[in-house]
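Structural overview
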Amino acid sequence: MVHAEGTSTGWATVRTTTALPAGEYTLEHTLGSGDSLFCELKSPDGTVDLFSHSSVNRATIPAGDYQMIVSVPPSKTVDQAITPILRKLN
């Protein structure tokens, strides 16, 4: 879970890198309140593979290191928590 509080002056992000086995994944998130935060999973080459807030929330990915990113868009005032949910389907 990530709790964000304040007003962003640009893209405000929290990143963590994790090794994932190959497979099909979905990415979702839960919010404590509001809708300004979202999560994304990026592949090693920087291409966005999954977004938690769009229809692009399911993909088959190769094994490798991926960045899980929680973001607040520019000029947003927030005081909310978000929990990324990454599920391996197979």
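One can find the structure itself at the top, above this paragraph.
Let me begin by describing the structure that accompanies this report. (Residues numbered from 1 in each chain as written. Predicted model: local features only at pLDDT ≥ 70, side-chain atom pairs only at ≥ 80, totals over all residues. Heavy atoms only, no water.)

Now for the overall build of the protein. Secondary structure assignment for the protein yields zero helices and eight strands. Traced from its N-terminal end to its C-terminal end, the protein shows the element sequence β-β-β-β-β-β-β-β. Along the three orthogonal principal directions, the C-alpha set of the protein runs to about 35 × 25 × 20 Å. Pairs at least 24 residues apart make up 78% of the contacts formed inside the protein by residues separated by at least 6 positions. Summed over all atoms, the accessible surface of the protein reaches about 5100 Å², with 50% contributed by carbon and sulfur. Here the protein contributes 6 positive and 9 negative side-chain charges, whose respective centroids are spaced 4 Å apart. (Helix = DSSP H or I, 4+ residues; strand = E, 2+ residues; numbered from the N terminus. Contact = heavy atoms within 4.5 Å. Areas by Shrake-Rupley, 256 points an atom, 1.4 Å probe, with all protein chains shown as cover. Lys, Arg positive; Asp, Glu negative; His and termini not counted. Charge placed at Lys NZ, Arg CZ, Asp CG, Glu CD.)

With that out of the way, let us pick up the nonpolar core. Ranked by internal contacts, the top residues of the largest apolar core, which has 16 residues, are Leu20, Leu27, Cys39, Leu41, Leu50 and Ile61. Looking at this core, the elements that each hand over two or more residues are strand 3 (23-31), strand 4 (38-42), strand 6 (58-61), strand 7 (64-72) and strand 8 (77-88). In terms of residue count, the dominant contributor to this core is strand 7 (four residues). Setting aside its immediate chain neighbours within four residues, leucine 41 contacts Leu20, Leu27, Val48, Asp49, Leu50, Ile61, Tyr66, Gln67, Met68 and Leu86. (Core = buried A, V, L, I, M, F, W, Y, C linked by side-chain atoms within 4.5 Å. Buried < 20%, exposed > 50% of the residue type's maximum accessible area, 1.4 Å probe, protein only.)

A complete count under the given rule lists two salt bridges for this structure. Residue arginine 58 pairs with glutamate 24 through a salt bridge whose shortest N-O separation is 2.7 Å. Within this pair, whereas arginine 58 is found in strand 6, its partner glutamate 24 is found in strand 3, the two being separated by 34 residues in sequence. The class of glutamate 24 is buried, set by a relative accessible area of 18%. With its nearest N and O atoms 2.8 Å apart, the salt bridge here joins arginine 87 to glutamate 28. Of this pair, arginine 87 sits in strand 8 while glutamate 28 sits in strand 3, placing them 59 residues apart in sequence. Look at arginine 87 and you get partly exposed, because its relative accessible area is 39%. (Salt bridge = Lys/Arg side-chain N within 4 Å of Asp/Glu carboxyl O.)

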